[in-house]
Amino acid sequence: MKKIASFTINHNTLEPGVYVSRIDGDITTYDMRFIKPNTPPFLPNPVMHTIEHLFATYARNSEFADNVIYFGPMGCRTGFYFLVRDLNEQQALDLIKDVVKKCSEHTGEIPGAAAVECGNYREHDLKGAIEALKKYDELLTGYTVEKLKYN
């Protein structure tokens, strides 16, 4: 079988950051890498679950709500994929930075975390999610579109 594009990236040299993973027509997939691959500790499932709820909610309530296709975790627990339509790299990076900042400052209830709204509503960690988001927010300070390319 043909190797998929994400498996051709050297995960031994990949650092935390944001990268353009692939472009399919008008849809761009961003690799939001929180953790250096193959370097534990990885993001715990409850933390990832909460980040997913927060980021998806804030992104879909942003000025670019109609451009947001998907936000979800990587199985390796090192980050997330964010798919957008019809945004240039600067708009997407600005959106990512803005949403990460808002998520890192979130107070109150986790959006969509009730039994009627979520298939695993008991597995959340807001405190851990906020800590991971604050660290990622710091990483994104000064991040530019020139850094969106895999090395």
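Now for a description of the structure that goes with this document. (Residues numbered from 1 in each chain as written. Predicted model: local features only at pLDDT ≥ 70, side-chain atom pairs only at ≥ 80, totals over all residues. Heavy atoms only, no water.)

Notes on the packing of aromatic side chains
Logical step 1: Under the criterion given, the structure shown has 7 aromatic pairs.
Logical step 2: Between Phe55 and Phe71 the ring centres are 4.1 Å apart and the planes differ by 20°, which places this aromatic pair in the stacked class. Of this pair, Phe55 sits in helix 1 (residues 45-59) while Phe71 is found in strand 3 (residues 68-73), placing the two residues 16 residues apart along the sequence. With respect to class, Phe55 is no different from Phe71; both count as buried.
Logical step 3: Relative to Phe80, the ring of Phe71 has its centre 4.9 Å away and its plane inclined at 15°; by these criteria the two rings are stacked. Take Phe71 and Phe80: they sit in the same class, and that class is buried.
Logical step 4: Through a chain of ring-to-ring contacts, the aromatic side chains of Phe34, Phe55, Phe71, Phe80, Phe82 and Tyr136 assemble into a single cluster. (Phe/Tyr/Trp six-rings, centres within 6.5 Å; stacked < 30°, edge-to-face > 60°. Helix = DSSP H or I, 4+ residues; strand = E, 2+ residues; numbered from the N terminus. Buried < 20%, exposed > 50% of the residue type's maximum accessible area, 1.4 Å probe, protein only.)

Details of the environment of Tyr30
Logical step 1: For Tyr30, the position within the fold is in strand 2 (residues 27-33).
Logical step 2: Since its relative accessible area comes to 1%, Tyr30 is described here as buried.
Logical step 3: Counting along the chain gives 52 residues from Tyr30 to Phe82, while the straight-line C-alpha distance between them is 5.0 Å.

Overview of unusual backbone geometry
Logical step 1: Omega for the bond connecting Pro40 with Pro41 falls within 30 degrees of zero, at 5°, which places this linkage in the cis form.
Logical step 2: Looking at where Pro41 falls in the secondary structure, it is placed in the loop between strand 2 and helix 1.
Logical step 3: A positive phi angle is found at Asn38, which is not glycine, with a value near 60°.
Logical step 4: With relative accessibility at 58%, the residue Asn38 sits in the exposed group.
Logical step 5: Residues other than glycine seldom take positive phi values, yet Arg77 does so here, at roughly 65°.

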